Amino acid sequence: MEKPFEIPIGIKDQLEDNMEVITTIFSPALSGIGILIIGENYHEDADHVVVRIYLLGNEETEWFIQDELQAFAFLSLASAQRFIINLPSMSALDLMLVMSGHGSKSHQPVFFQ
């Protein structure tokens, strides 16, 4: 059984109090590359949830944040959660539409950087 990914202390130290690690996604084709998904104001009472997507890199078994790839704003936690669930199976075209602010009505992200 594969050991679950543990967020390194160095990455945890970079997070602000209102940020929460939601999940990580790793490339099956490219070793040493991953995606870190972080939520800001990621709770039921929030009226403005932000989902940030970071590129993770790996050098000598040490993971680090390489770059922020994108940030998405949602009007509710439920719509942010639907987006995160759908993200791994989105086509490139679907993702480009969401990034340009033309997402489906089910999650209505507001794109910003």
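Treat the numbers as computed from the prediction; the structure is a model and nothing was measured.

Conventions and cut-offs
Residues numbered from 1 in each chain as written. Predicted model: local features only at pLDDT ≥ 70, side-chain atom pairs only at ≥ 80, totals over all residues. Heavy atoms only, no water. Phe/Tyr/Trp six-rings, centres within 6.5 Å; stacked < 30°, edge-to-face > 60°. Buried < 20%, exposed > 50% of the residue type's maximum accessible area, 1.4 Å probe, protein only. Helix = DSSP H or I, 4+ residues; strand = E, 2+ residues; numbered from the N terminus. pLDDT = per-residue confidence, 0-100. Contact = heavy atoms within 4.5 Å.

Peer 1: Describe the packing of aromatic side chains, naming the residues involved and giving the relevant values.
Peer 2: Counted under the stated rule, the structure contains three aromatic pairs. Centroid distance phenylalanine 74 to phenylalanine 83: 5.3 Å. Interplanar angle 40°. Geometry classified as tilted. On the basis of relative accessibility, which here comes to 0%, the residue phenylalanine 83 falls in the buried class. Taken together, the ring pairs in this structure connect Phe72, Phe74 and Phe83 into an aromatic cluster.

Peer 1: Could you give an account of unusual backbone geometry, with specific residues and numbers?
Peer 2: The phi angle at asparagine 41 is positive, at roughly 55°, despite the residue not being glycine. Mapped onto the elements of the fold, asparagine 41 is located in the loop between β2 (33-40) and β3 (49-59).

Peer 1: Help me get a handle on the confidence of the model for the chain, residues and values and all.
Peer 2: With 85% of its residues at a pLDDT of 70 or more, the chain shows a mean pLDDT of 81. Taken element by element, the chain is modelled with least confidence in strand β5 (residues 110-112), mean pLDDT 41, and with most confidence in β2, mean pLDDT 92. Throughout residues 106-113 the model reports pLDDT below 50, and contacts reaching past four residues in sequence, or to other chains, amount to 29 contacts.

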